[in-house]
Amino acid sequence: MVDVTSQINSVQRKLGKRVVEAGEAVTATVSQVYDTGLDDLWDACTNPQRIPRWFLPISGELRVGGKYQLEGNAGGTIERCDPPKSFAATWEYGGDVSWIELRLSPEADGRTRFELDHTAVPNEHWNQFGPGAVGIGWDMMLNGLALHLESGEAADPEAAMAWMTSEEGVRFMTLSNEAWYEADVANGTDAATARTRADATLAAYTAPPES
């Protein structure tokens, strides 16, 4: 079972600005400490047999220069890898290209910190929905990883989809969305614009499925 409040509060979220070749970009960063060692967390994040247990089925060549594809989601090219500490890759979806970088670091108590940057050049979608559009998705990913590391079991895709439309799932997305609204304001967006974007994001995530 998901302790929604505990999981939401376990994640650190922040936004920052970065200049990339394509122009001025925004970086959304999520961070959570997990109760496992560095090598195990690295394996969970890079082993193609384990990734589907908490995220999505993945195909391709998981090596520097190799291309990967997450089923029904993004794909891209792995640009850098420093096991068991970090990797970087492009994140290509719907014709847009952004970038991800994962960093793992040991904590003094034997646990391990997971920190992920997602960097993108703002476009029309960003202007309409703001950081919550990707942020809620990353929050759900962190939650899936937490459940996997706790139980060692694989996620049930049907149960996961049912959970998203449940009262508990909607509460999770609502709290995540509010946290990203706060990060948006902290990054310099005026509160009214940030609220409009957050409301649009939550409406998109919680809209009833089309029949």
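Up top is the structure these notes are about.
I will try to describe carefully the structure that is included in this document. Quick caveat: nothing in here was measured; it's all calculated off a predicted structure.

Section: the pattern of salt bridges
Two side chains bearing opposite charge may form a pair once their charged atoms approach each other closely.
So, step 1. For the structure on display, the rule yields 14 salt bridges.
So, step 2. Arg80 serves as the salt-bridge partner of Glu101, at 3.1 Å between the closest nitrogen and oxygen. On the criterion of sequence distance, the pair formed by Glu101 in strand β7 (residues 96-106) and Arg80 in strand β5 (residues 75-82) is long-range, its members being 21 residues apart.
So, step 3. Assessed through its relative accessible area of 35%, Arg80 is described here as partly exposed.
So, step 4. Residue Arg103 pairs with Glu115 through a salt bridge whose shortest N-O separation is 3.0 Å.

Some details on the pairing of β7
Side-chain direction in a regular strand flips from residue to residue, so the side chains alternate between the two faces of the sheet.
So, step 1. Relative to β7, strand β6 (residues 86-93) runs antiparallel, the two being bridged by eight bridges. Bridging across to β7, Ala89 finds its partner in Ile100.
So, step 2. Hairpin connection, β6 to β7: the antiparallel pair is bridged by two residues, and Gly94 has positive phi, about 60°.
So, step 3. In the sheet, β7 pairs with strand β8 (residues 112-120) via eight bridges, with the strands oriented antiparallel. Opposite Leu104, over in β8, you have Phe114 as the bridge partner.
So, step 4. Once β7 ends, the chain turns through five residues before running back antiparallel as β8, passing Gly110 with a positive phi of about 90°.

About the thresholds
Residue indices follow the written sequence of each chain, beginning from 1 at its first position. With pLDDT at 70 or above as the cut-off, local features in this predicted model cover only qualifying residues; side-chain atom pairs require 80 or more to be listed or tallied, and sums for whole chains, interfaces and linings still use all residues. Computation of side-chain values covers all heavy atoms of the structure but excludes hydrogens and water. By definition, a salt bridge exists where a carboxyl oxygen of Asp or Glu is found within 4 Å of a side-chain nitrogen of Lys or Arg. Working definition: helices are DSSP H or I runs of at least four residues, strands are E runs of at least two. Numbering for both runs from the N terminus. Relative accessible area decides the class of each residue, using a 1.4 Å probe on protein chains only: under 20% of the type maximum gives buried, over 50% gives exposed, and in between gives partly exposed. The criterion for strand pairing is that DSSP finds at least two bridges linking the strands in question.

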